Amino acid sequence: MSVRQHLLHCRRQIHSDSIETALSLKQHPDAKDIMSRRIPRIFRCLGIAAALLFLYTGPLHAGVGIGVLDFELKDITSNPNTPDETARAATLKPELERALQQCRYDIVPITAEQQTGAAKGAGYLYDHPDEAAVLGETIGARFIVVGRISKPSFLFVHFLARLVDVKTQKIVGDFVVELKGKHIELTGKGIQRLAQQVDEGIRRYLGLQ
């Protein structure tokens, strides 16, 4: 019996018990005894229905493996690659991994050595999704996220995430979040928004919306 059939069966059982209980209460003098027998059965069926409903409506994308690369800093300001900006760039990969885990994805680890070995220069994997897909296939991921921080001005910064389908080696989507300022809490909120965009992109791509 399918989950949907189980739910329908429980619904019919609850409805039947409710009617039967109501009729019995009208006709039987010992109403309290009837209630003590019928109500536990109704609540037991409700519990089963709730559990099945959770399984039926649970995250359909659970178990999808994603590899996240270190974010490359592309700073074209007059004072590029400051220690603060470099330090922030280093936090984005683990932050995005945690955010995607909260979305119920499986994070497939990628070491710095694996990323360096696949890249042939600055921006190479971002500009060559097919090579990023090869790296994703090596680690056993379904998707791979190639990240970049674009800083064209001291006033704002862009977090970019290019999502690549490892199987087809095609770009699923390009996502961007703009931040004004560099406070830690802003960085965290920016990564959360980026993870949400990636999640929505995967759902659309896999037809799970």
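Residues numbered from 1 in each chain as written. Predicted model: local features only at pLDDT ≥ 70, side-chain atom pairs only at ≥ 80, totals over all residues. Heavy atoms only, no water.

## Some words on the pairing of strand S6 (residues 170-179)
Step number 1: With nine bridges connecting them, strand S5 (residues 157-165) and S6 associate as antiparallel partners. Of the residues in S6, the one forming a bridge with valine 164 is isoleucine 171.
Step number 2: Connecting S5 to the antiparallel partner S6 that follows it, the hairpin turn spans four residues, and glutamine 169 within it adopts a positive phi of roughly 65°. (Pairing = 2+ DSSP bridges. Helix = DSSP H or I, 4+ residues; strand = E, 2+ residues; numbered from the N terminus.)

## Examining the nonpolar core
Step number 1: Counting 27 residues, the largest nonpolar core has Ile66, Leu96, Leu100, Ile149, Phe159 and Leu194 as its most contacted members.
Step number 2: The next biggest cluster of nonpolar side chains, apart from the first, holds 17 residues, and it includes Ile110, Ala118, Tyr126 and Ala141. (Core = buried A, V, L, I, M, F, W, Y, C linked by side-chain atoms within 4.5 Å. Buried < 20%, exposed > 50% of the residue type's maximum accessible area, 1.4 Å probe, protein only.)

## With respect to the environment of phenylalanine 154
Step number 1: Mapped onto the secondary structure, phenylalanine 154 falls in the loop between strand S4 (143-151) and S5.
Step number 2: Along the primary structure phenylalanine 154 and isoleucine 76 are separated by 78 residues, whereas in three dimensions their C-alpha atoms are 9.6 Å apart.
Step number 3: Every residue in contact with phenylalanine 154, bar those within four places of it in the chain, is listed here: Thr77, Ser78 and Asn79. (Contact = heavy atoms within 4.5 Å.)

## Some thoughts on unusual backbone geometry
Step number 1: Its identity is not glycine, yet asparagine 81 carries a phi of approximately 55°, on the positive side.
Step number 2: Here asparagine 81 is to be found in the loop between strand S2 (72-75) and helix H3 (83-102).
Step number 3: Positive phi, close to 65°, is recorded for glutamine 169, a residue that is not glycine.
Step number 4: With respect to the element layout, glutamine 169 can be found in the loop between S5 and S6.
Step number 5: Given the relative accessible area of 32%, glutamine 169 is considered partly exposed.

## Some thoughts on the pattern of salt bridges
Step number 1: If you walk through the whole model with that rule in mind, you get seven salt bridges.
Step number 2: Across the salt bridge formed by glutamate 85 and lysine 151, the nearest N and O atoms sit 2.9 Å from each other. Of the two residues, glutamate 85 is situated in helix H3 and lysine 151 in strand S4; the sequence distance between them amounts to 66 residues. Each member of the pair glutamate 85 and lysine 151 is classed as buried.
Step number 3: Put simply, Glu85, Arg88 and Lys151 are held in one network by salt bridges that share partners. (Salt bridge = Lys/Arg side-chain N within 4 Å of Asp/Glu carboxyl O.)

The values are spatial; any link to function lies outside them.
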